[in-house]
Amino acid sequence: MKEAGNQIVEENGLGTLFPKNTRRLFFAGVSGMGMGPLAIVLKQAGYEVFGYDKELSSASRKWLEASGVILSEEPVLPAEVDVVIHSSALRREHPLLQAAEKKALPVFRRGEVLAAFTRTRKLIAVVGSHGKTTTTGLLVHYLEKAGFSFSYLMGALFQGGEKPPARFCAESEWLIAEVDESDGTIEDFYPEITLVLNLDWDHCDQYPAPEDLGETFRRLWDRTRGGVIVPGDCSHCRELAKSVPFEKIKYYGREGDSAAWAVEGETGDWILCGQWEGEDFKSSVPGGGRFNARNSLAVLAIREALHLPLFADAWADFPGIRRRQEILLQSPECWVVSDYAHHPGELAALWPWLRSLQGQAGLAELRVVFQSHRYTRTRQFCADFARLLARADKVYLLETYAASEPFLPGGGAEDLAQALKALGTKAEVLGSVREAEEKLPKNLSNEALWAFVGAGDIEKLAERMAGHWSGSSTRVSEESRPLGMSSETLWREYEPLAHKTTLRVGGAARYYAEPSGEADLALLLKWASRQGCPVFPLGRGSNLVIPPEGFPGLVFRLNHEAWRRIEFEEEPGLIRVGAGARLRKVCGEACRRGWGGFEFLEGIPATLGGALRMNAGAMGGWVFDVVEKVAFLTLAGEKKVLRRTDLTYGYRHCRELTVAVALEAWLRPPGREESENIRLKLQEYMQKRTKSQPKEPSAGCIFKNPEGTSAGKLIDESGLKGRAVGAAAVSPVHANFIVNRGGATAEEVIALVREVRQEVFQRKGVWLEPEVHLPGSTWEEVLKS
C-alpha cells in the first residue's frame, strides 16, 4: 500500500462517496470526539483538512494542530473546499451547513464518511450501547504492546495527553473504530470483526422499541465478513445470536467461553484468569472494577481472534481515558472524579467503583453532580436514573444537555428532581455550568467524594471545582504569560501536578507550561531567569515525589508533538529522537525496523529527556549505553550539542543535564536483528518486569542502592514489606517501591520514607539515600523535620 503523505492513499473507500478529485475537507464541529479523530486520520491519509468548533478545547486543539489540521477561529468556510463533514449533533440550520448548501457543496455526516473510509480495510468495529471508548482504548493499548500494526480512531482522549486519539497506518489493512448506533449510520458499516459489548436499549428517538435496536445490531452482524464476538453473560445478545450463522459467533466473559475469564479478588478488585500455551494466567484489571474486567475480556477475545500472545498485566501502564473513571483531585477533605456515564446501565456499572473509592479514601459522603444527556433519553429513563442516583448521600442536577434536541416536557432536570423526591431524595437543581459554579460550596465542611457524572459540558464544572477545592484554582492567565510566547504553548498558573506523575501525589505548580518548540522553551527559560523563578522539567512524572506544597516556580513539560519525533537515519545508522518521546515508543519503532539493542527501554516509564537527565536504566542496560550525542539548552538559553564522550554521566545522573534541558539525542543501535527476535526479547523483559514490580501507582525505586548490596534487600530483611503510613505502603512485591494504594498524600509518602530509613539504620546500620527527586525541596530538609 502507498505511504500516506501529500498524496492521498488510494485504497480508502471514499471514492465511492466523495466527488471525483476531492482533496479539501472541512469539518464542522471538529472538536467533537467522533469528529476530531476522523479529521486526524484523513489528514494523515493525505487529504487537506480544515475545521471549526466554537467549543474547541486546548487538548483537542493540540492533537489536531499537531496532525496538520488547519483550524478556523471564525465559523466561515475556507475557499475551494470540496466536501463538508459534520457531527450529527449539528442541525441543518447551523450557519456552516447553510453556507455549504448555498455553495452547493456535498455535505456528509461523520458516520457516513467513516463507514466509506473503512470499506476497503479490515475494520474491527467496537459496538454497544455503552463502554465503547474505554474498550477501544484498552484494545489499542494491548495491540500496540503486542507489536500489531493497525490504524485506530478513539471516541475520547487518553488521560495524560501523551497518546494520540487517532492514528493512520498506511501499511496496515486493519483499522479499529467505535461504530455508533445513535444516528443510523451504523447501517453503512461492513466490519471484518464486530466486537459487541452490550445491547441496552437507548436512543429511543432513533429506535422506538428495544426490538428495533436489536434488529439493527443483527443486520450489522449479518454484514460482518469475519467473526462476531459477543458477551456470553448478555441474555439479549445470546438470544439475538441465534439468528446469525453459528460459525460466526464467538462468546467471551464467562469461564469456558474463551481462554480468559474474570473473578473477584479478596480485596474486591477483579482479576483476569485463563490459560495460555498450557500455563495458568493472571492479570490485574485497569481500575480494578467489574465493568473494566468485562471490557478487558472483550479485548482478550479480539487477541484470541488475531492469534496474538497473552500478556500478564498488559494494562499495568494503561493511561486511562478522559472522563472515564478519571480522578481529578485527591485531598484529605475531598476527592473529585469525573465520568461520562449517561445511561442507566453505565450508572449501575459505575456505582460499585464510586463506593469502593469512597471507602479507600475514608470519606464520609458520596455526593453526585449529574447532567443528563438529551431530553428524549432523560424522559425515557427518568425513573431508572432516579432509582440509581438516590443511592448517593447528596444529589445535584445540572440542566439537561440538549445536544441539538428541542426541549421535551418530561426530559428536564426538574422532572428528574421530582422523580427523586418521590423516592424520598431531595436533589438540588443547579442550572447551567456557570450557575452551578456559583452555587456549589467553595469551602468544604464535610469530607466527601464528589462525582461529576454525565455527558455534555459537566466536565468543565468538574475541572473548575477541583481547582477551587485544591486550595489554588488552576488559571489560564494572559497577564502573567511571558511576552512573545506563541499561542501554541500551553500556559497555566497553579496547575495541580499529582496526576502528571506516576505516584499521583503532591501539590500544584505556581506556573506550568508546555512549550511548542525550541524558541518558546528558550523564551521560558530566559523569562524564569529574569523573574528569579526556579524551573523544573517534567517528563512522564516517574522517579519523583511532588511535595505537598507543590513547586514554587515554573514546571514545564515537553508534551507538544514537536518534541516527540522519532527519525531513523540509515546513514550514519542513528535514530534521532526528540526529548518528549516516550522510551516505549522508541523501543517499539526500533523493533518494527529491526534495530536491536533498545529492548531494555520498554519498561522504563519515562520520556527520553527525563531518562537522559538521570541516565535511566533497566534489565542491565543504561540509556547512555546507546547515546551518540545530545543537544540541550542551558538555563541561560544557550544551545549546545555534545557527544557522549564529552558528557559526565554515571549511576542515576548526567552532570550537564542537571543545569540544562535536553532537546533531542541521537541514538546508535548496537546492531540489527530480525523484528521477531526483538519482539520475543521484549516479551521476556515484560514478563520479568511484571513479576518483579508492583502494579499500583509508584515512583519507581525510592532509594539508591548502597555499595555492595541493594536497598530492596535491606528493607526486606528489616521486615518492612507492607509497612504503611495511611495509603502509602512499602510494596510486598518489591521492597524498594512505595506504592499508592488509593488516596495517598505526599505527607504520607515522606513520612514512610522517613520511617523506612530509620528502621533500616537501626537494624542494618545503613542510612538509605533517596533516589527519587523532590522538586522544590531537598530530602535533607524534609527528613530533618
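Residues numbered from 1 in each chain as written. Predicted model: local features only at pLDDT ≥ 70, side-chain atom pairs only at ≥ 80, totals over all residues. Heavy atoms only, no water.

(A) Just the overall build of the chain, in detail. On a plain count of helices and strands, the chain comes out with 21 helices and 40 strands. Expected size for 785 residues packed as a compact globule is a radius of gyration near 28 Å; at 26 Å, the chain falls within 12% of this value. Reported as C-alpha extents along the three principal axes, the dimensions of the chain are approximately 75 × 65 × 65 Å. In the chain, which comprises 785 residues, the share counted as buried stands at 57%. For the chain, restricting intrachain contacts to residue pairs at least 6 apart in sequence, the fraction spanning at least 24 positions comes to 67%. (Helix = DSSP H or I, 4+ residues; strand = E, 2+ residues; numbered from the N terminus. Rg over C-alpha atoms; globule rule 2.2 N^0.38 Å. Buried < 20%, exposed > 50% of the residue type's maximum accessible area, 1.4 Å probe, protein only. Contact = heavy atoms within 4.5 Å.)

(B) Geometry of the pattern of salt bridges. Applying the stated criterion across every chain, the model contains 43 salt bridges. Here Arg218 ties to Glu215 by a salt bridge, and the two come within 2.5 Å at their closest N and O atoms. With a gap of three residues between them, Arg218 and Glu215 both fall in helix H6 (residues 210-223), about one helical turn apart. Judged by its relative accessible area of 30%, Glu215 falls in the partly exposed class. Among the ionic pairs, Lys764 bridges to Glu717, the shortest N-O distance being 3.0 Å. In this pair, Lys764 is assigned in helix H20 (residues 746-764) and Glu717 in helix H19 (residues 711-717), connecting sequence segments 47 residues apart. For Glu717, a relative accessible area of 42% puts it in the partly exposed group. Salt bridges sharing common partners tie together Glu187, Glu215, Arg218, Arg219, Asp222 and Arg223. (Salt bridge = Lys/Arg side-chain N within 4 Å of Asp/Glu carboxyl O.)

(C) Fine view of the environment of Val395. Summarising the element assignment, Val395 is placed in strand S19 (residues 394-398). Considering only alpha carbons, one finds Val395 and Leu420, 25 residues apart in sequence, at a separation of 9.1 Å.

(D) Molecular detail of the packing of aromatic side chains. In this structure the tally under the stated criterion is 21 aromatic pairs. Arranged with centres 5.9 Å apart and planes meeting at 40°, the rings of Phe150 and Tyr152 form a pair that is tilted. Overall, the relative accessible area of 1% leaves Phe150 in the buried class. Given a relative accessible area of 0%, Tyr152 falls into the buried group. Their ring planes at 25° and their centres at 6.5 Å tell us that Trp450 and Phe452 sit as a pair that is stacked. Its end group placed over the ring of Phe150, Arg167 keeps NZ or CZ at 4.9 Å from the ring centre. Stacked on the ring of Tyr190, the Lys or Arg Arg223 has its end atom at 5.6 Å from the ring centre. (Phe/Tyr/Trp six-rings, centres within 6.5 Å; stacked < 30°, edge-to-face > 60°. Lys NZ or Arg CZ within 6 Å of the ring centre and 35° of its normal.)

(E) Seen up close, the sheet that holds strand S40 (residues 737-740). Pairing in this open sheet of four strands is antiparallel, and the strands run S37-S40-S39-S38 from one edge to the other. Where the open sheet ends on each side, the last strands, each with one partner, are strand S37 (698-701) and strand S38 (724-725). Where S38 and strand S39 (residues 728-730) come together, two bridges link them in antiparallel fashion. Residue pairing across strands places Ala724 opposite Ala729, the latter belonging to S39. Across the sheet, H20 touches S38, S39 and S40, and the angle it forms with S39 is around 30°. (Pairing = 2+ DSSP bridges. Axes fitted to C-alpha atoms, helices over the stretch in contact; angles between N-to-C directions.)

(F) Expanded view of the environment of Ala39. By secondary structure assignment, the location of Ala39 is in helix H1 (residues 35-44). In the structure, Ala39 is positioned 14 residues away from Leu25 in sequence and 8.6 Å away in space, judged by C-alpha atoms. Aside from chain neighbours lying at most four places away, what touches Ala39 is Phe27, Val30, Val49, Leu64 and Val69.

(G) Structural context of unusual backbone geometry. With a phi angle near 65°, Asn21 is a residue other than glycine that sits in the positive phi range. With respect to the helices, strands and loops of the structure, Asn21 is situated in the segment before strand S1 (24-28). Although it is not a glycine, Asn543 adopts a positive phi angle of roughly 60°. Structurally, Asn543 can be placed in the loop between strand S24 (535-538) and strand S25 (551-557). Looking at Asn543, the relative accessible area reads 6%, which means it is buried.

(H) Highlighting the nonpolar core. In this structure, Phe18, Phe27, Leu42, Ile85 and Trp221 are the most contacted members of the largest nonpolar core, which totals 56 residues. Among the elements that take part in this core, H1 stands out by supplying six residues, more than any other. Among the nonpolar cores identified, the runner-up in size contains 54 residues, and Leu608, Leu647, Ala662 and Leu663 belong to it. (Core = buried A, V, L, I, M, F, W, Y, C linked by side-chain atoms within 4.5 Å.)

(I) Examining helix H9 (residues 344-361) more closely. Here H9 spans 26 Å end to end across 18 residues, near enough to the 26 Å set by a 1.5 Å rise per residue. Remark: the principal bend of H9, roughly 30°, maps to Leu350, with a proline, Pro352, within the next four residues. The inward-facing, buried residues of H9 contact strand S16 (326-330), strand S17 (334-339), strand S18 (365-371), helix H11 (382-389) and strand S21 (448-454). (Expected span 1.5 Å × (residues − 1). Bend = angle between axes of the 7 residues up to and from the residue.)

(J) Seen up close, the sheet that holds strand S22 (residues 490-496). Strand order across the open sheet formed by four strands is S22-S23-S25-S24, with mixed pairing between neighbours. Because the sheet does not close on itself, it has two edges, and the strands there are S22 and S24. On average, adjacent strands in this sheet sit at an angle of 30° to one another, irrespective of strand direction. In terms of strand pairing, strand S23 (residues 508-514) meets S25 through four bridges, oriented parallel. Residue pairing in the sheet places Ala513 in a bridge with Phe556 of S25. Along the sheet, helix H15 (residues 518-531) contacts S22, S23, S24 and S25; its crossing angle with S25, the most-contacted strand, is approximately 170°.

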